[in-house]
Amino acid sequence: MIRFEEVSKRYPDGTVAVDGLSFEVERGELVTLVGPSGCGKTTTMMMVNRLTEPTSGRVLVDGEDVMALDPVRLRRRIGYVIQQVGLFPHRTVLDNTATVPALTGWRRSRARDRAKELLELVGLDPAEFADRYPAQLSGGERQRVGVARALAADPPVLLMDEPFGAVDPVVRERLQNEFTAIQRSLGTTVLLVTHDIEEAVRLGDRMAVYGRGRIEQYDSPAAVLGRPADGYVAEFVGADRGLKRLSVTAVEPGDVEEPPVARSDEEARRAAARLRERGARWAVVLDPGGHLHGWVGLEELGSAPEGRTVRELARRMGAWVPVGVPLKQAFGVMLQHDAGWVAVLDGDRFLGVLTPAKLHEALRRSVESDAKGVPRGEVAFDSVTDA
Ligand SMILES: Nc1ncnc2c1ncn2[C@@H]1O[C@H](COP(=O)(O)OP(=O)(O)OP(=O)(O)O)[C@@H](O)[C@H]1O
């Protein structure tokens, strides 16, 4: 969708901002550009919509050399979100958001409805914000309007320069999640510049790590963290890249272990005897169909009056995640519930539990699987301690 062929940019004062850059962004892909200040990220992006032009090489959008296209028409196909946002000061939030749909010929009421939907999505209640002017917003709110406005236009390509920079960390994470969900559903191709390595790792299908004027590594976040191309990249992504990998490594069915289980229709005392024999102090409670019902402690089971079933004593289980979420999320749930494990579900089917030891093992397996180029399930460790 976007292709750079040996692109260089030398500014008139002689500064070489970008030097012989070649890479490609597939349709529907979200690529993050990350690197230290002044390394050429913004220049790279501005060459896509011709806000600046290459000195040599070619930039192709959908197979067409941007230099052969009319800049105004080119920019209509390419959304642009910048940190300073660039909202129209004399227009309300709603009109700002509806600008492009209105320009491209939508009926006014339809454009405004769409704008309201998107404002809501980025966490700005239209009832409160629609009629305000940009000057009446905080920096973070302005940024959110900028993101809503870019999405309202539904462009096939979106360029974003630090779009979430001015938003506080809690709102940022929500906004990032909502943004990527919309981006995936619309199939938008995105180039996103960021200083924040976490953001680059979490959002990018692929990430480009910049050194001065060039890309040092272009790969999936898991590969960049697992196999940095050189010392520079390793240092840039940080000594805690193992931790960062938690964000990009999914919980797989093979990561879970089988916990002690009690069936909900089982008699409580019988279940207690079974658990005692096994040396277990608690059990996951499943209904006869194998669905998660909750959990129960040995003490409650053992002291239950005769005839009680496990179901009557089971407690609700908050510590669970769907299979496929990042390990980081599973770890977060574990900490949030102060639990030594977290249940993993596939739809409403219980797969098993993820323990801290299993989580560590999953992380190590993912590093090894990248290094050896084999699927994670095929990486063998003799024991967790070896891992
Ligand atoms: N119009 C210009 N004229 C001359 N030099 C420029 C111009 N714009 C940018 N540069 C220089 O080109 C280099 C790359 O700048 P660019 O803005 O692309 O970097 P960046 O990676 O986006 O930086 P930051 O993360 O700080 O935004 C820098 O050395 C910058 O000073």
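Here the structure is a predicted model, which is why all the values come from computation and not from measurement.

**Quick word on the overall build of the chain**
Point 1. Helix and strand counts for the chain come out as 17 helices and 16 strands.
Point 2. When burial is assessed residue by residue, the chain has 40% of its 387 residues classed as buried.
Point 3. For the chain, restricting intrachain contacts to residue pairs at least 6 apart in sequence, the fraction spanning at least 24 positions comes to 61%.

**What to know about the sheet that holds strand 4 (residues 56-61)**
Point 1. One open sheet holds the four strands; their spatial order is 2-1-4-5, and the pairing between them is antiparallel. One side of each edge strand has no neighbouring strand; the edge strands of this open sheet are strand 2 (16-25) and strand 5 (64-65).
Point 2. Bridge analysis of strand 1 (residues 2-10) against strand 4 gives five bridges, and the strand direction is antiparallel. Of the residues in strand 4, the one forming a bridge with R3 is L60.

**Quick notes on the environment of G226**
Point 1. With respect to the element layout, G226 can be found in helix 10 (residues 221-226).
Point 2. The class for G226 is buried, based on 20 C-beta atoms found within 10 Å.
Point 3. A C-alpha to C-alpha distance of 25 Å links G226 and V342, two positions 116 residues apart in sequence.

**Some words on the site of the ligand**
Point 1. The environment of the ligand is made up of 13 residues, and the closest members are Y11, A17, S37, T42 and T43.
Point 2. Of the residues in the shell around the ligand, the class split is three nonpolar, eight polar and two charged.

**Side note on the sheet that holds strand 15 (residues 342-346)**
Point 1. With respect to topology, three strands assemble into an open sheet ordered 14-15-16, the strand pairing being mixed. Both edges of this open sheet fall to strand 14 (320-322) and strand 16 (349-354), since each of them pairs with a single strand only. Recorded for the sheet is a direction-independent mean angle of 30 degrees between the axes of neighbouring strands.
Point 2. Examined bridge by bridge, strand 15 and strand 16 share five bridges and lie antiparallel to one another. Bridging from a neighbouring strand, L345 pairs with F350 of strand 16.

**Observations concerning the environment of D255**
Point 1. Secondary-structure assignment places D255 in the loop between helix 12 (241-248) and strand 11 (261-263).
Point 2. Judged by C-beta crowding, with 26 C-beta atoms within 10 Å, D255 ranks as buried.
Point 3. Separated by 192 residues in the primary sequence, D255 and G63 have C-alpha atoms spaced 43 Å apart.
Point 4. Among residues more than four places away in sequence, those in contact with D255 are L354, K358 and A362.

**Looking at helix 16 (residues 327-336)**
Point 1. Within helix 16 the residues assigned to the buried category are L327, A330 and M334. With its buried residues spanning 65 degrees around the axis, helix 16 presents them on a single face. Seen from the buried face of helix 16, the exposed residues on the opposite side, beyond 90 degrees, are L335 and Q336.
Point 2. Where helix 16 ends, the next residue or the one after it, D338, has phi of about 50 degrees, a positive value.

**Looking at the pairing of strand 10 (residues 214-219)**
Point 1. Direction of pairing for strand 9 (residues 206-211) relative to strand 10: antiparallel, over a ladder of five bridges. In the sheet register, G211 faces strand 10, and the bridge partner there is R214.
Point 2. Where strand 9 folds back onto strand 10 in an antiparallel hairpin, the turn is made up of two residues, including G213, whose phi is positive at roughly 75 degrees.

**Observations concerning unusual backbone geometry**
Point 1. Not every positive phi belongs to a glycine, and R50 is a case in point at roughly 65 degrees.
Point 2. Taking the number of C-beta atoms within 10 Å as the measure of exposure, R50 has 19 and is therefore partly exposed.
Point 3. For E162, which is not a glycine, the phi torsion comes out positive at approximately 50 degrees.
Point 4. Secondary-structure assignment places E162 in the loop between strand 7 (157-161) and helix 8 (169-186).

What counts and how
Residues numbered from 1 in each chain as written. Predicted model: local features only at pLDDT ≥ 70, side-chain atom pairs only at ≥ 80, totals over all residues. Helix = DSSP H or I, 4+ residues; strand = E, 2+ residues; numbered from the N terminus. Buried ≥ 20, exposed ≤ 12 C-beta atoms within 10 Å, placed from the backbone. Contact = placed C-beta atoms within 7 Å. Pairing = 2+ DSSP bridges. Near = placed C-beta within 6 Å. Nonpolar A, V, L, I, M, F, W, Y, C, P; charged D, E, K, R; others polar. Axes fitted to C-alpha atoms, helices over the stretch in contact; angles between N-to-C directions. Arc of directions from axis to C-beta.

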